[in-house]
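# An overview of the molecular structure
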Amino acid sequence: MKNLKIFAIALVGMAVLASCDNKNKETVSVATFENISLGADSINSYSTPNVYGWVSGDFGFTTGYSNTYGDYYYNFVVTSQKSNAFSNYTDQYHSAPGGAAAGNNYVVAYQETEGYESTGSSLDITYAKALAVIPGTYVTNTAYTASVIQNGNAYARAFSTDNNDYLKLTFTGYLAGVKMGSVDFYLADFRDGKSIIIKQWTYVDLTDLLIVDKISCKLESTDKGEFGINTPTYFCLDNFGAKN
């Protein structure tokens, strides 16, 4: 066990040095999701109860399907839907801006509610290459999440400055199981008198994660209940690994 700890510490030290040496030498192949075959205005998701994964550029994205409590998909689902409308649950794969940050395809991520219909899966992105610092990615809300934050629904309250509400997305980077760093991005921020709901594709700098082989994504909201977060736990990603 002691030798394993020493190895992990040495690995982290090497990664920090490598992040400085390789930042401008190695290139990252961006996940644009355009390599995944989709029809116009459609989604691509698996229909077998299990956990699978999408691969685009240098990155792999967990995805899955469950029919234990009715059919539903979780983790990352690839979509080409261009509408930004939200009227009911069938619109869950619409981005708030409508469509992708660039091109046709993007992913909608769904974080399962803890303790309720949960498969125990997590929103993980793998970077097997692990040779360069990941520059960043484009992020936005889904039309569904943005609508509920603004208006509320039967399950979640509308955000308010009185409650100092927020919806925070945290990217945490790991190398060989060792945490390297984390980056927070607020998809909605009603703290300190602000009333911000992200409805446009917004660049998030991920260079503080250093060199990693896995990135975990996790949402946190101030609106919580018996089964965890009440706010719809969705967000959109596009051009993962891109420079601003």
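Residues numbered from 1 in each chain as written. Predicted model: local features only at pLDDT ≥ 70, side-chain atom pairs only at ≥ 80, totals over all residues. Heavy atoms only, no water.

Scanning the protein from N- to C-terminus turns up 2 helices and 15 strands. Per-residue burial for the protein yields a buried fraction of 47% across its 244 residues. When contacts within the protein are restricted to residue pairs at least 6 apart in sequence, those whose partners lie at least 24 apart make up 72%. Roughly 11,600 Å² of accessible area belongs to the protein as shown, and the carbon and sulfur atoms make up 50% of that amount. (Helix = DSSP H or I, 4+ residues; strand = E, 2+ residues; numbered from the N terminus. Buried < 20%, exposed > 50% of the residue type's maximum accessible area, 1.4 Å probe, protein only. Contact = heavy atoms within 4.5 Å. Areas by Shrake-Rupley, 256 points an atom, 1.4 Å probe, with all protein chains shown as cover.)

Attention shifts here to the confidence of the model for the protein. The share of residues in the protein with pLDDT of 70 or more is 81%, and the mean pLDDT across the chain is 85. Considering only residues more than four positions removed or in separate chains, one finds that residues 1–11, a stretch of pLDDT under 50, has 3 contacts. Counting interchain partners and residues more than four positions distant, the pLDDT-below-50 stretch residues 115–120 has 12 contacts. (pLDDT = per-residue confidence, 0-100.)

Scanning the entire structure with this criterion turns up 7 salt bridges. Residues Lys129 and Asp58 are paired through a salt bridge, measuring 3.7 Å at the closest nitrogen-oxygen approach. A residue pair is termed long-range when its members are at least 10 positions apart, and Lys129 in the loop between β6 (123–126) and β7 (136–140) and Asp58 in the loop between β2 (50–56) and β3 (59–66) qualify at 71 residues. Of the residues examined, Lys129 reaches a relative accessible area of 31% and is grouped as partly exposed. Across the pair Asp165 and Arg157 runs a salt bridge, and its minimum N-O distance is 2.5 Å. (Salt bridge = Lys/Arg side-chain N within 4 Å of Asp/Glu carboxyl O.)

What follows covers the packing of aromatic side chains. Per the stated rule, a full pass over the model turns up 12 aromatic pairs. Ring geometry for Tyr138 against Tyr203: centres 5.1 Å apart, planes inclined by 65 degrees, an arrangement best described as edge-to-face. Taken together, the residues Tyr138 in strand β7 and Tyr203 in strand β11 (residues 202–205) connect sequence positions 65 residues apart. When sorted by exposure, Tyr138 lands in the same class as Tyr203, which is buried. By way of ring pairs, the aromatic residues Phe33, Phe59, Phe61, Phe76, Tyr127 and Phe240 are connected into one cluster. Above the ring of Tyr186, the side-chain terminus of Arg191 is found at 4.1 Å from the ring centroid. Across the ring face of Tyr174, the terminal group of Lys214 is positioned such that the distance to the ring centre comes to 5.1 Å. (Phe/Tyr/Trp six-rings, centres within 6.5 Å; stacked < 30°, edge-to-face > 60°. Lys NZ or Arg CZ within 6 Å of the ring centre and 35° of its normal.)

Let us now look at the nonpolar core. Counting 43 residues, the largest nonpolar core has Phe76, Phe171, Phe235 and Phe240 as its most contacted members. Considering every element that reaches this core, the biggest residue donor is strand β9 (residues 178–189), with 5 residues. Formed by 16 residues, the second largest nonpolar core is a distinct cluster that contains Tyr74, Val108, Trp201 and Tyr203. (Core = buried A, V, L, I, M, F, W, Y, C linked by side-chain atoms within 4.5 Å.)

Let's shift gears to helix α2 (residues 143–151). Along α2, the positions that sit buried rather than exposed are Ala143, Tyr144, Thr145, Ala146, Val148 and Ile149. One or two positions beyond α2, positive phi appears at Gly152, with a value near 75 degrees.

This part takes up the side chain of Thr63. Along the chain, Thr63 turns up in strand β3. We classify Thr63 as buried; its relative accessible area is 1%. A polar contact is formed between the side chain of Thr63 and the backbone oxygen of Phe76, at a distance of 2.6 Å. (Polar contact = N/O pair within 3.5 Å; in protein donor to acceptor, adjacent residues only side chain to side chain.)

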